[in-house]
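Here are the chains, one letter per residue:
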Amino acid sequence: MNKIVTLDEFIIRTQKEKPDSSGSFTRLLRDIGIAAKIVNREVNKAGLVNILGVEGSTNSTGDDVQKLDVFANEKFIETLSFSGEVCGIASEENQEFIPVASDHGHNAQYVVVMDPLDGSSNIDVNVSVGTIFGIFRRKSSVEGPCIQEDFLQKGTELIAAGYVLYGTSTLLVYSTGDGVNGFTLDPSIGEFCLSHRNIQMPVSGNYYSVNQGYYLKFDLEMRRYIDHCSDLNYRLRYIGSMVSDIHRIMFQGGIFLYPNTRKYPKGKLRLLYECYPMAYIVEQAGGTALTCKLDRIMDMEIASLHQTSSIVMGSKDMVKDMKEFVEKYGAVIQ
Ligand code: AHM
Ligand code: MG
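Note that this is a predicted model, so its numbers are computed, not measured.

J.: Run through the site of ligand 1, naming residues and quoting values.
T.: Residues in contact with ligand 1 amount to 16 residues; listed here are only the nearest, Asp118, Tyr214, Tyr238, Met242 and Tyr258. One of the side-chain nitrogen or oxygen atoms of Asp118 is found 2.6 Å away from an oxygen atom of ligand 1. Considering ligand 1 on its own, with 480 Å² of exposed area, one finds that the protein chains cover 85% of that surface. Most atoms of ligand 1, that is more than half of them, are within 2 Å of grid points of the second largest pocket. Breaking the shell around ligand 1 down by element, the ones donating at least two residues are strand 3 (110–118) and strand 11 (255–258). Broken down by class, the residue content of the shell around ligand 1 amounts to 6 nonpolar, 5 polar and 5 charged. When residues of the shell around ligand 1 are sorted by domain, at least three fall in each of domain 1 (7–196) and domain 2 (207–329).

Next comes the structure, spelled out in C-alpha coordinates:
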(Lines give C-alpha, C1' and ligand atoms only; values in the text may rest on other atoms or scores of the structure.)
(Ligands and ions follow the chains in the order given, each with its own letter.)
Protein backbone atom coordinates (compact mmCIF):
# COMPACT_ATOMS: atom_id res chain seq x y z
CA MET A 1 0.00 0.00 0.00
CA ASN A 2 1.32 3.46 -0.88
CA LYS A 3 1.94 5.84 1.98
CA ILE A 4 -0.52 8.73 2.03
CA VAL A 5 1.14 12.12 1.51
CA THR A 6 -0.81 14.91 3.13
CA LEU A 7 -0.82 18.48 1.83
CA ASP A 8 1.17 19.65 4.85
CA GLU A 9 3.83 16.99 4.37
CA PHE A 10 4.04 17.73 0.66
CA ILE A 11 4.39 21.48 1.20
CA ILE A 12 7.09 21.03 3.83
CA ARG A 13 8.97 18.53 1.71
CA THR A 14 8.89 20.54 -1.51
CA GLN A 15 9.69 23.85 0.17
CA LYS A 16 12.66 22.31 2.00
CA GLU A 17 14.17 21.50 -1.39
CA LYS A 18 14.29 25.23 -2.21
CA PRO A 19 17.59 26.73 -1.09
CA ASP A 20 16.20 30.12 -0.02
CA SER A 21 13.17 28.70 1.77
CA SER A 22 12.55 30.48 5.07
CA GLY A 23 9.52 28.51 6.17
CA SER A 24 7.16 31.46 5.97
CA PHE A 25 5.85 30.58 2.52
CA THR A 26 5.33 27.00 3.74
CA ARG A 27 3.24 28.27 6.64
CA LEU A 28 1.20 30.48 4.33
CA LEU A 29 0.35 27.61 1.99
CA ARG A 30 -0.65 25.47 4.96
CA ASP A 31 -2.93 28.22 6.22
CA ILE A 32 -4.67 28.39 2.86
CA GLY A 33 -5.31 24.64 3.22
CA ILE A 34 -6.80 25.21 6.68
CA ALA A 35 -9.12 27.99 5.46
CA ALA A 36 -10.23 25.74 2.59
CA LYS A 37 -11.20 23.01 5.07
CA ILE A 38 -13.27 25.44 7.13
CA VAL A 39 -15.07 26.72 4.04
CA ASN A 40 -15.57 23.17 2.82
CA ARG A 41 -17.37 22.29 6.04
CA GLU A 42 -19.85 25.13 5.49
CA VAL A 43 -20.28 24.40 1.77
CA ASN A 44 -21.25 20.84 2.69
CA LYS A 45 -23.87 22.14 5.10
CA ALA A 46 -25.27 24.65 2.59
CA GLY A 47 -28.22 22.43 1.66
CA LEU A 48 -29.33 22.57 5.28
CA VAL A 49 -29.56 26.32 5.34
CA ASN A 50 -33.34 26.35 5.11
CA ILE A 51 -33.55 23.89 7.99
CA LEU A 52 -31.03 25.65 10.19
CA GLY A 53 -32.24 29.14 9.27
CA VAL A 54 -32.61 31.28 6.16
CA GLU A 55 -29.61 33.32 5.12
CA GLY A 56 -29.69 36.76 6.62
CA SER A 57 -31.71 35.53 9.61
CA THR A 58 -30.68 34.35 13.05
CA ASN A 59 -30.64 30.59 13.56
CA SER A 60 -31.94 28.58 16.52
CA THR A 61 -28.68 28.88 18.41
CA GLY A 62 -28.72 32.65 18.03
CA ASP A 63 -26.00 32.84 15.35
CA ASP A 64 -26.47 34.91 12.23
CA VAL A 65 -26.89 32.76 9.15
CA GLN A 66 -24.57 34.20 6.57
CA LYS A 67 -24.47 33.89 2.84
CA LEU A 68 -21.83 31.36 1.94
CA ASP A 69 -19.73 33.72 -0.14
CA VAL A 70 -19.62 36.21 2.75
CA PHE A 71 -18.68 33.39 5.11
CA ALA A 72 -15.92 32.13 2.82
CA ASN A 73 -14.54 35.62 2.43
CA GLU A 74 -14.45 36.18 6.19
CA LYS A 75 -12.84 32.81 6.91
CA PHE A 76 -10.06 33.25 4.38
CA ILE A 77 -9.38 36.80 5.56
CA GLU A 78 -9.39 35.73 9.21
CA THR A 79 -7.08 32.74 8.67
CA LEU A 80 -4.65 34.64 6.47
CA SER A 81 -4.61 37.66 8.77
CA PHE A 82 -3.57 35.54 11.73
CA SER A 83 -1.00 33.56 9.76
CA GLY A 84 1.64 36.22 10.31
CA GLU A 85 2.95 35.70 6.79
CA VAL A 86 0.60 38.03 4.92
CA CYS A 87 0.70 41.83 4.96
CA GLY A 88 -2.44 42.30 2.88
CA ILE A 89 -5.32 40.57 1.13
CA ALA A 90 -7.31 41.61 -1.91
CA SER A 91 -10.60 39.82 -2.40
CA GLU A 92 -13.17 39.91 -5.16
CA GLU A 93 -15.73 40.49 -2.40
CA ASN A 94 -14.09 43.71 -1.15
CA GLN A 95 -13.84 46.99 -3.00
CA GLU A 96 -10.45 47.85 -1.45
CA PHE A 97 -7.54 45.68 -0.36
CA ILE A 98 -7.31 44.77 3.33
CA PRO A 99 -4.04 45.59 5.08
CA VAL A 100 -3.15 43.16 7.87
CA ALA A 101 -2.48 44.85 11.21
CA SER A 102 1.26 45.06 11.84
CA ASP A 103 1.20 42.87 14.98
CA HIS A 104 0.01 39.96 12.80
CA GLY A 105 1.62 40.91 9.51
CA HIS A 106 4.87 42.16 11.03
CA ASN A 107 7.70 41.60 8.56
CA ALA A 108 5.29 39.66 6.38
CA GLN A 109 6.49 39.34 2.82
CA TYR A 110 3.42 38.22 0.91
CA VAL A 111 0.07 39.45 -0.32
CA VAL A 112 -2.78 37.15 -1.28
CA VAL A 113 -5.38 37.80 -3.97
CA MET A 114 -8.49 35.64 -3.99
CA ASP A 115 -11.98 34.92 -5.12
CA PRO A 116 -13.24 33.19 -1.98
CA LEU A 117 -16.27 31.55 -3.58
CA ASP A 118 -16.34 31.58 -7.33
CA GLY A 119 -19.43 30.50 -9.25
CA SER A 120 -21.78 32.31 -6.89
CA SER A 121 -24.89 31.54 -8.94
CA ASN A 122 -24.38 27.87 -8.04
CA ILE A 123 -24.34 28.33 -4.29
CA ASP A 124 -28.05 28.21 -3.60
CA VAL A 125 -28.64 25.12 -5.71
CA ASN A 126 -25.90 22.79 -4.47
CA VAL A 127 -23.81 22.86 -7.62
CA SER A 128 -20.01 22.94 -7.50
CA VAL A 129 -18.26 26.15 -6.52
CA GLY A 130 -14.60 26.97 -5.94
CA THR A 131 -12.02 29.20 -4.32
CA ILE A 132 -9.27 30.80 -6.40
CA PHE A 133 -6.08 32.25 -4.91
CA GLY A 134 -2.79 33.77 -5.95
CA ILE A 135 0.28 34.82 -3.95
CA PHE A 136 2.64 37.71 -4.76
CA ARG A 137 5.78 38.82 -2.98
CA ARG A 138 5.17 42.38 -1.76
CA LYS A 139 6.85 45.31 -3.54
CA SER A 140 6.75 47.70 -0.58
CA SER A 141 9.16 47.65 2.34
CA VAL A 142 8.44 45.14 5.13
CA GLU A 143 8.83 48.01 7.59
CA GLY A 144 5.49 49.59 6.67
CA PRO A 145 1.94 48.61 5.71
CA CYS A 146 1.19 47.12 2.30
CA ILE A 147 0.28 49.44 -0.56
CA GLN A 148 -1.84 49.12 -3.71
CA GLU A 149 1.27 48.41 -5.85
CA ASP A 150 1.81 45.19 -3.90
CA PHE A 151 -1.38 43.90 -5.52
CA LEU A 152 -1.19 45.51 -8.95
CA GLN A 153 1.40 43.08 -10.23
CA LYS A 154 1.17 41.13 -13.46
CA GLY A 155 0.39 37.43 -13.53
CA THR A 156 4.02 36.69 -14.36
CA GLU A 157 4.92 37.96 -10.87
CA LEU A 158 2.81 35.35 -9.09
CA ILE A 159 4.88 33.00 -6.96
CA ALA A 160 2.03 30.57 -6.38
CA ALA A 161 -1.59 30.09 -7.31
CA GLY A 162 -4.28 27.51 -6.92
CA TYR A 163 -7.89 26.66 -6.57
CA VAL A 164 -10.15 24.62 -4.35
CA LEU A 165 -13.05 22.76 -5.93
CA TYR A 166 -15.95 21.98 -3.64
CA GLY A 167 -17.48 19.25 -5.78
CA THR A 168 -18.34 15.58 -5.46
CA SER A 169 -15.12 15.52 -3.53
CA THR A 170 -13.13 18.52 -2.41
CA LEU A 171 -9.85 19.11 -4.16
CA LEU A 172 -7.08 21.61 -3.67
CA VAL A 173 -4.90 22.13 -6.74
CA TYR A 174 -1.89 24.42 -6.60
CA SER A 175 1.44 25.29 -8.13
CA THR A 176 4.49 27.18 -6.97
CA GLY A 177 5.91 27.34 -10.48
CA ASP A 178 7.24 23.83 -10.86
CA GLY A 179 4.22 21.85 -11.98
CA VAL A 180 0.72 21.38 -10.64
CA ASN A 181 -0.35 18.96 -7.94
CA GLY A 182 -3.82 18.08 -6.69
CA PHE A 183 -4.94 16.99 -3.22
CA THR A 184 -8.26 15.40 -2.37
CA LEU A 185 -9.80 16.00 1.03
CA ASP A 186 -10.25 12.73 2.89
CA PRO A 187 -13.15 13.55 5.25
CA SER A 188 -12.37 10.55 7.46
CA ILE A 189 -9.03 12.04 8.53
CA GLY A 190 -9.74 15.69 7.68
CA GLU A 191 -6.64 15.98 5.52
CA PHE A 192 -5.96 16.92 1.93
CA CYS A 193 -4.05 13.95 0.48
CA LEU A 194 -1.91 13.96 -2.65
CA SER A 195 -4.10 12.39 -5.32
CA HIS A 196 -2.97 13.97 -8.61
CA ARG A 197 0.77 14.35 -8.98
CA ASN A 198 2.21 16.61 -11.67
CA ILE A 199 -1.02 17.26 -13.57
CA GLN A 200 -0.52 17.63 -17.32
CA MET A 201 -3.38 19.01 -19.37
CA PRO A 202 -4.02 17.05 -22.59
CA VAL A 203 -2.82 19.05 -25.61
CA SER A 204 -6.23 18.67 -27.19
CA GLY A 205 -9.67 17.46 -26.23
CA ASN A 206 -13.27 17.57 -27.27
CA TYR A 207 -14.93 19.72 -24.64
CA TYR A 208 -15.76 23.37 -25.01
CA SER A 209 -17.05 25.49 -22.21
CA VAL A 210 -18.75 28.81 -22.86
CA ASN A 211 -22.01 30.52 -21.98
CA GLN A 212 -23.66 29.85 -25.34
CA GLY A 213 -26.62 31.95 -24.26
CA TYR A 214 -24.53 35.04 -25.05
CA TYR A 215 -23.64 33.75 -28.53
CA LEU A 216 -25.24 36.68 -30.37
CA LYS A 217 -23.40 39.15 -28.12
CA PHE A 218 -19.94 37.77 -29.00
CA ASP A 219 -17.67 39.20 -31.69
CA LEU A 220 -17.79 37.52 -35.09
CA GLU A 221 -14.53 35.60 -34.65
CA MET A 222 -15.76 34.04 -31.41
CA ARG A 223 -19.06 33.07 -33.01
CA ARG A 224 -17.21 31.46 -35.91
CA TYR A 225 -14.94 29.57 -33.50
CA ILE A 226 -17.92 28.36 -31.47
CA ASP A 227 -19.61 27.23 -34.72
CA HIS A 228 -16.41 25.33 -35.47
CA CYS A 229 -16.55 23.59 -32.07
CA SER A 230 -20.14 22.62 -32.76
CA ASP A 231 -19.30 21.45 -36.31
CA LEU A 232 -16.65 19.16 -34.87
CA ASN A 233 -19.18 17.75 -32.40
CA TYR A 234 -17.20 18.93 -29.42
CA ARG A 235 -19.15 18.41 -26.25
CA LEU A 236 -20.46 21.57 -24.63
CA ARG A 237 -20.13 21.72 -20.84
CA TYR A 238 -20.83 24.88 -18.88
CA ILE A 239 -21.26 24.74 -15.14
CA GLY A 240 -21.04 28.50 -14.57
CA SER A 241 -18.23 28.03 -12.09
CA MET A 242 -14.89 28.61 -13.77
CA VAL A 243 -13.05 26.44 -11.27
CA SER A 244 -15.26 23.45 -12.10
CA ASP A 245 -15.18 24.07 -15.84
CA ILE A 246 -11.39 24.43 -15.89
CA HIS A 247 -10.93 21.45 -13.61
CA ARG A 248 -12.60 19.18 -16.18
CA ILE A 249 -10.35 20.59 -18.90
CA MET A 250 -7.24 20.03 -16.76
CA PHE A 251 -7.88 16.30 -16.94
CA GLN A 252 -9.89 15.71 -20.09
CA GLY A 253 -8.65 18.50 -22.33
CA GLY A 254 -10.79 21.23 -23.84
CA ILE A 255 -11.23 24.97 -24.06
CA PHE A 256 -12.91 27.49 -21.75
CA LEU A 257 -14.07 30.83 -23.13
CA TYR A 258 -15.48 33.92 -21.46
CA PRO A 259 -15.31 36.44 -24.31
CA ASN A 260 -16.22 40.11 -24.18
CA THR A 261 -19.92 40.69 -24.76
CA ARG A 262 -21.98 43.79 -25.41
CA LYS A 263 -22.77 43.90 -21.69
CA TYR A 264 -19.13 43.38 -20.70
CA PRO A 265 -17.07 44.97 -23.52
CA LYS A 266 -13.85 44.29 -21.60
CA GLY A 267 -14.89 40.82 -20.43
CA LYS A 268 -16.47 39.86 -17.14
CA LEU A 269 -13.88 37.86 -15.24
CA ARG A 270 -11.50 39.64 -12.89
CA LEU A 271 -7.88 39.68 -13.96
CA LEU A 272 -6.43 39.66 -10.46
CA TYR A 273 -8.72 37.24 -8.66
CA GLU A 274 -9.74 34.88 -11.44
CA CYS A 275 -7.79 35.19 -14.69
CA TYR A 276 -4.18 35.44 -13.46
CA PRO A 277 -4.33 32.56 -10.94
CA MET A 278 -6.24 30.23 -13.28
CA ALA A 279 -3.96 31.15 -16.20
CA TYR A 280 -0.95 30.41 -13.98
CA ILE A 281 -2.27 26.94 -13.20
CA VAL A 282 -3.30 26.25 -16.81
CA GLU A 283 0.15 27.26 -18.12
CA GLN A 284 1.88 25.26 -15.42
CA ALA A 285 -0.10 22.23 -16.59
CA GLY A 286 1.00 22.81 -20.21
CA GLY A 287 -2.05 24.74 -21.45
CA THR A 288 -2.44 28.25 -22.85
CA ALA A 289 -4.38 31.29 -21.59
CA LEU A 290 -5.05 34.29 -23.82
CA THR A 291 -7.44 37.20 -24.06
CA CYS A 292 -9.80 37.27 -27.05
CA LYS A 293 -7.36 39.79 -28.57
CA LEU A 294 -4.70 37.06 -28.30
CA ASP A 295 -2.60 38.69 -25.58
CA ARG A 296 -1.13 36.32 -23.03
CA ILE A 297 -3.20 36.72 -19.86
CA MET A 298 -0.14 36.53 -17.60
CA ASP A 299 1.43 39.51 -19.40
CA MET A 300 -1.61 41.77 -19.20
CA GLU A 301 -1.00 45.11 -17.50
CA ILE A 302 -3.19 45.76 -14.47
CA ALA A 303 -4.26 49.23 -13.38
CA SER A 304 -7.03 48.56 -10.86
CA LEU A 305 -7.94 45.82 -8.40
CA HIS A 306 -11.21 44.86 -10.06
CA GLN A 307 -10.10 45.16 -13.69
CA THR A 308 -11.76 42.60 -15.93
CA SER A 309 -10.62 40.77 -19.04
CA SER A 310 -11.89 38.44 -21.74
CA ILE A 311 -10.31 35.01 -21.49
CA VAL A 312 -9.82 31.86 -23.52
CA MET A 313 -7.81 29.07 -21.97
CA GLY A 314 -7.23 25.37 -22.10
CA SER A 315 -5.53 22.76 -24.22
CA LYS A 316 -2.66 24.16 -26.25
CA ASP A 317 -3.77 22.95 -29.68
CA MET A 318 -7.35 24.05 -29.18
CA VAL A 319 -6.34 27.56 -28.15
CA LYS A 320 -4.09 27.60 -31.23
CA ASP A 321 -7.10 26.77 -33.41
CA MET A 322 -9.11 29.53 -31.76
CA LYS A 323 -6.24 31.92 -32.52
CA GLU A 324 -6.56 31.17 -36.23
CA PHE A 325 -10.22 32.15 -36.12
CA VAL A 326 -9.37 35.47 -34.49
CA GLU A 327 -6.66 36.08 -37.06
CA LYS A 328 -9.01 35.20 -39.91
CA TYR A 329 -12.23 36.91 -38.83
CA GLY A 330 -11.04 39.44 -36.23
CA ALA A 331 -10.62 42.34 -38.61
CA VAL A 332 -13.87 41.76 -40.50
CA ILE A 333 -16.53 44.43 -39.98
CA GLN A 334 -19.70 42.79 -38.66
P1 AHM B 1 -18.63 35.16 -9.64
O2 AHM B 1 -17.23 35.44 -9.17
O3 AHM B 1 -19.60 36.26 -9.34
O4 AHM B 1 -19.10 33.82 -9.21
O5 AHM B 1 -18.55 35.16 -11.27
C6 AHM B 1 -17.57 34.38 -11.90
C7 AHM B 1 -18.24 33.25 -12.61
C8 AHM B 1 -17.31 32.23 -13.21
O9 AHM B 1 -16.98 31.23 -12.31
C10 AHM B 1 -18.15 31.70 -14.33
O11 AHM B 1 -17.36 31.18 -15.34
C12 AHM B 1 -18.90 32.91 -14.78
O13 AHM B 1 -18.90 33.83 -13.71
C14 AHM B 1 -20.33 32.63 -15.10
O15 AHM B 1 -20.91 33.81 -15.57
P16 AHM B 1 -22.22 33.78 -16.48
O17 AHM B 1 -23.34 33.41 -15.60
O18 AHM B 1 -22.32 35.18 -17.05
O19 AHM B 1 -21.98 32.77 -17.57
MG1 MG C 1 -15.57 34.89 -9.27
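Having seen it, we continue.
J.: Break down the side chain of Glu274 for me, citing the residues and quoting the values.
T.: Turning to its location among the elements, Glu274 is positioned in helix 9 (residues 271–284). Buried charge Glu274 goes without a salt bridge, the closest partner of opposite sign being Arg270 at 5.0 Å. A distance of 2.6 Å separates a polar side-chain atom of Glu274 from the backbone nitrogen of Arg270. Beyond its immediate chain neighbours, meaning those up to four positions away, Glu274 contacts Glu92, Asp115, Asp118, Ile132, Met242 and Leu269.

J.: Describe in detail the pattern of salt bridges, supporting the description with residues and values.
T.: A side chain of one charge can pair with a side chain of the opposite charge if their charged atoms are brought near each other. Enumeration according to the criterion identifies 13 salt bridges in this entry. The residue Glu9 makes a salt bridge to Arg13 at a minimum N-O spacing of 3.7 Å. Taken together, the residues Glu9 and Arg13, both in helix 1 (residues 7–16) and 4 residues apart, mark about one turn of the helix. Judged by its relative accessible area of 28%, Glu9 falls in the partly exposed class. Note on Arg13: relative accessible area 43%, which makes it partly exposed.

J.: Before we move on, can you summarise the coordination of the magnesium ion (ligand 2) with the specific residues and values?
T.: At this site the magnesium ion (ligand 2) is bound by Glu92 (OE), Asp115 (OD), Asp118 (OD) and Glu274 (OE), with donor distances of 1.9 to 2.7 Å. Going along the chain, you hit the donors of the magnesium ion (ligand 2) in the pattern E-x22-D-x2-D-x155-E. On the criterion of sequence distance, the pair formed by Glu92 in the loop between strand 1 (86–91) and strand 2 (98–99) and Asp118 in strand 3 is long-range, its members being 26 residues apart. Taking the relative accessible area as the measure of exposure, Asp118 reaches 7% and is therefore buried.

J.: An account of helix 1 is requested, with residue identities and associated values reported.
T.: Helical periodicity: at 3.6 residues per turn, an α-helix aligns residues three or four positions apart in one direction. Here helix 1 has its buried residues at Leu7, Phe10, Ile11 and Gln15. An end-on view of helix 1 places all buried positions within 115° of arc, on one side of the element. For helix 1, the secondary structure elements touched by its buried residues are helix 2 (24–45), strand 6 (170–175), strand 7 (180–186) and strand 8 (191–196).

J.: Now, about the sheet that holds strand 8: what can you tell me, with residues and values included?
T.: Read from one edge of the open sheet, 8 strands run 2-1-3-4-5-6-7-8, paired in mixed fashion. A strand with exactly one partner marks an edge of an open sheet, and here the two such strands are strand 2 and strand 8. Here helix 1 sits on the sheet and contacts strand 6, strand 7 and strand 8; the angle it forms with strand 6, its principal contact strand, is near 5°.

J.: Now, about the pairing of strand 5 (residues 160–166): what can you tell me, with residues and values included?
T.: Burial runs high along strand 5: 7 of the 7 residues are buried. Bridge count between strand 4 (residues 129–137) and strand 5: 7 bridges; the pairing is antiparallel. Bridging across to strand 5, Thr131 finds its partner in Val164. Bridging between strand 5 and strand 6 involves 6 bridges; their strand directions are antiparallel. Along strand 6, the bridge assignment pairs Tyr163 with Val173. Where strand 5 folds back onto strand 6 in an antiparallel hairpin, the turn is made up of 3 residues.

J.: Break down the layout of surface pockets for me, with residues and values.
T.: Volume-wise, the second largest pocket comes out at about 410 Å³. Together, 23 residues line the second largest pocket, and Asp118, Ser120, Gly240, Lys268 and Leu269 are the ones closest to its centre. Elements supplying a minimum of two residues to the lining of the second largest pocket: strand 3, helix 8 (242–252), strand 11 and strand 12 (269–270). Considering every element that reaches the lining of the second largest pocket, the biggest residue donor is strand 3, with 3 residues. Taken together, the residues of the lining of the second largest pocket break down into 8 nonpolar, 6 polar and 9 charged.

Parameters at a glance
Residues numbered from 1 in each chain as written. Chains lettered and ligands numbered in written order. Predicted model: local features only at pLDDT ≥ 70, side-chain atom pairs only at ≥ 80, totals over all residues. Heavy atoms only, no water. Near = heavy atom within 4 Å. Polar contact = N/O pair within 3.5 Å; in protein donor to acceptor, adjacent residues only side chain to side chain. Areas by Shrake-Rupley, 256 points an atom, 1.4 Å probe, with all protein chains shown as cover. 1 Å grid on protein atoms, 1.4 Å probe; cavity = no way out; pocket = protein on both sides within 12 Å on 5 of 7 lines; lining within 4 Å. Sits in = over half its atoms within 2 Å of the grid points. Helix = DSSP H or I, 4+ residues; strand = E, 2+ residues; numbered from the N terminus. Nonpolar A, V, L, I, M, F, W, Y, C, P; charged D, E, K, R; others polar. Domains from an automatic or database assignment. Buried < 20%, exposed > 50% of the residue type's maximum accessible area, 1.4 Å probe, protein only. Lys, Arg positive; Asp, Glu negative; His and termini not counted. Salt bridge = Lys/Arg side-chain N within 4 Å of Asp/Glu carboxyl O. Contact = heavy atoms within 4.5 Å. Donors = N, O, S within 2.8 Å, 3.2 Å for Na, K, Ca; no water. Arc of directions from axis to C-beta. Pairing = 2+ DSSP bridges. Axes fitted to C-alpha atoms, helices over the stretch in contact; angles between N-to-C directions. Points joined across faces, edges and corners; volume = space filled by probe spheres on them.

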